[in-house]
Structures are given as C-alpha cells and as structure tokens.
Amino acid sequence: MVRLIAFILGASLWFSAAHAQGKPELQWFGQSAFKLTTAGGKVIMIDPWIMANPKTPQELKNLDALGKVDLILVTHGHGDHLGDAVELAKKHNVPMWAPAGLNQTLTTLGVLPANLGPRMNKSGTIEPFPGVKITQVHAEHSSEMVLKDPATGKDTVYAAGEPVGFIIELENGFKIYQMGDTGLFGDMKLIGDYYKPDLILIPIGGHFVMSPKDAAYATKEMLKPKMALPVHYGTNPFLRGTPAEYKAALGQTSTEVLEMNPGDKKTF
C-alpha cells in the first residue's frame, strides 16, 4: 500500500510538472530572425537581425523589449544573420553558439568575450537546458563578417567559419530545422531521414539562397516535414521569391505551409 501511494504521488507530481510547462512559441522578426520560447520557458534567439531589419515591425526594434534571453544561435557571419547577436550576448551574459570559425574570429579580435563565444562544429550537439538538444548541420552558402576596424574606422572583412543550420529538439521531442542560408545539397535527404524535423524554417528568396522552386523540391522530395515556414525573402531587391511561388511549386503535399508575417507568434 505504501508503495502504491508513493507511485500515485510521484505520477501526480510528474503530471503536474508536465502541465506546468507551456507550449513552445516561435516569433518571427523577418528574414531569418526568430525568438523561440521552449515549453520550459527558455528563450533562444536565432539569427537575431532586428534593429536594421527592414521587415521587423518598428515597435519590435527594441532589444530591451525582448525580455530575458537564455541562448543565441547564429548560422553564419553575414550581417543579416549575425545582426544584433553580439550585443544581446553581452547584454544578457549568455553564450552565442555559431560556427567555430566565426566565434574564434570574434573572440580573437576581442569583439566577444571567450566565455560567450564557445566553439562548436557540424554534427556537434549541445544540451543547454533539460530536454533541449541543438545540433549543427551542413548548409551550402558562404560566411564572412564585415566589422569596423577600431583603429582605422574602416569596414574590414574577416573569415567567419563555414555556414551551418541547426536542428533544435525541444522538451516534447518537437524538432525545428533552422536551415540558415543555403542552396540545395544532396545531404538534405540525409538530414530529413535522420533527424526527421517537424518544422523547417526554409529560405526561399533566391539569388543568395534557394529559389521557391528549389525550396519546394527540398521540402517535398528530401526533408518531408510536417510543417514549413518560408523565410529569407523580400528584404532586398535580390530576394524576389515569395511564399505564393513556394506553395505553387510544392503543389499537392502533406506538408502544412505556415503563413506568418514579421512580428507574428505561433505556438506548437
């Protein structure tokens, strides 16, 4: 009887703890910038290009208004992805996980303290919070940083490692594939088969990243997720692809294409 009572109490506590957690929430700021709040309440900023992002609503262009931040992910060194990441890392004293070469350059230059710029590489997995796993995967793109030289005041180009994507597995097993900036590559099928993402954040703008047609092929033939959110379009004249073109290229599919505007939030 004592064991039975202990089991019931334990199960009740587990059930209460599980239900005390909220639902994962994703807020889009335009381009590839996201605020991800996990079921356990941890806040992950992804490619946080906010202040200079032409698609971010004006009322959201306030880094203080983001509230707490627990971790930052950056896929590569281009300004529309690195964005405000360094400032946020310093402001909240939290790690910025990015390609190893990118963080190495930032810490060597003294732009980012070493404790806030840990090294990580493709296939590496971190478990920063209970129940949350983040893995770096391949992306087909480039990565360099343009930083102002404090001595000369001139813009200087620095190497920033290799571009990556991230597989983010949340407490309930829900998996988000932030693809970063990428073109088509054959191992997208491996990523789909092996990690089985539930939601992909997929670039569709073209020119620098996949076109809507390329993105549709990657979605339908290689990744086969439950849901897809088209991103990285409309912020400059080269990124002409649209969600409508992406949906048209997908045709009949079991993948749900999410429709969000910058500033919108969605729970899962």
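Since the structure is predicted, the reported quantities are computational estimates derived from the model, not experimental observations.

## Observations concerning the packing of aromatic side chains
- Applying the stated criterion across every chain yields a total of five aromatic pairs.
- Measuring from ring centre to ring centre gives 6.4 Å for Trp28 and Phe34, while their planes differ by 20°; the resulting arrangement is stacked. Here the two residues Trp28 and Phe34 agree in accessibility, since each one is buried.
- Measuring from centroid to centroid gives 4.9 Å for Tyr194 and Tyr195, while their planes differ by 85°, and the two rings are edge-to-face.
- By relative accessible area, Tyr194 is classed as exposed at 60%.
- An aromatic cluster of three or more residues is present, and its members are Trp28, Phe34 and Tyr233.

## Focus on the sheet that holds strand S12 (residues 199-203)
- Across the sheet, which stays open at both edges, the seven strands sit in the order S6-S7-S10-S11-S12-S13-S14 with mixed pairing between neighbours. In this open sheet, the two strands that pair with only one neighbour each are strand S6 (125-129) and strand S14 (256-257).
- Both strand S7 (residues 132-138) and strand S10 (residues 164-169) contribute to a ladder of six bridges, which runs antiparallel. The residue bridging Thr135 from the neighbouring strand is Ile167, located in S10.

## Comments concerning the sheet that holds strand S4 (residues 71-73)
- Strand order in the open sheet formed by six strands is S5-S4-S3-S2-S1-S15, and the pairing between neighbours is mixed. With one partner strand each, in any of the chains shown, strand S5 (96-97) and strand S15 (265-267) form the two edges of the open sheet.
- Note: strand S1 (residues 25-28) against S15, three bridges, orientation antiparallel. Pairing of Gln27 across the sheet is with Lys265, part of S15.

## A short note on the environment of Phe29
- Along the chain, the position of Phe29 falls in the loop between S1 and strand S2 (34-37).
- The buried category is assigned to Phe29, whose relative accessible area is 1%.
- Taking the C-alpha atoms as reference points, Phe29 and Lys61, separated by 32 residues in sequence, lie 9.3 Å from one another.

## Considering the pattern of salt bridges
- Enumeration according to the criterion identifies seven salt bridges in this entry.
- Close ionic contact of Lys91 with Asp64 constitutes a salt bridge, the shortest N to O distance being 3.0 Å. You can see Lys91 sitting in helix H3 (residues 85-92) and its partner Asp64 sitting in the loop between strand S3 (43-46) and S4, a full 27 residues away along the chain.
- A relative accessible area of 39% places Lys91 in the partly exposed class.
- By relative accessible area, Asp64 is classed as exposed at 55%.
- The partner of Lys226 in a salt bridge is Asp198, and the shortest N-O contact between them spans 2.7 Å. Pair noted here: Lys226 is in the loop between helix H6 (212-223) and strand S13 (227-231) and Asp198 is in the loop between helix H5 (188-195) and S12, with a separation of 28 residues, a long-range link.
- Using a relative accessible area of 54% as the deciding quantity, one classes Lys226 as exposed.

Cut-offs and rules
- Residues numbered from 1 in each chain as written.
- Predicted model: local features only at pLDDT ≥ 70, side-chain atom pairs only at ≥ 80, totals over all residues.
- Heavy atoms only, no water.
- Phe/Tyr/Trp six-rings, centres within 6.5 Å; stacked < 30°, edge-to-face > 60°.
- Buried < 20%, exposed > 50% of the residue type's maximum accessible area, 1.4 Å probe, protein only.
- Pairing = 2+ DSSP bridges.
- Helix = DSSP H or I, 4+ residues; strand = E, 2+ residues; numbered from the N terminus.
- Salt bridge = Lys/Arg side-chain N within 4 Å of Asp/Glu carboxyl O.

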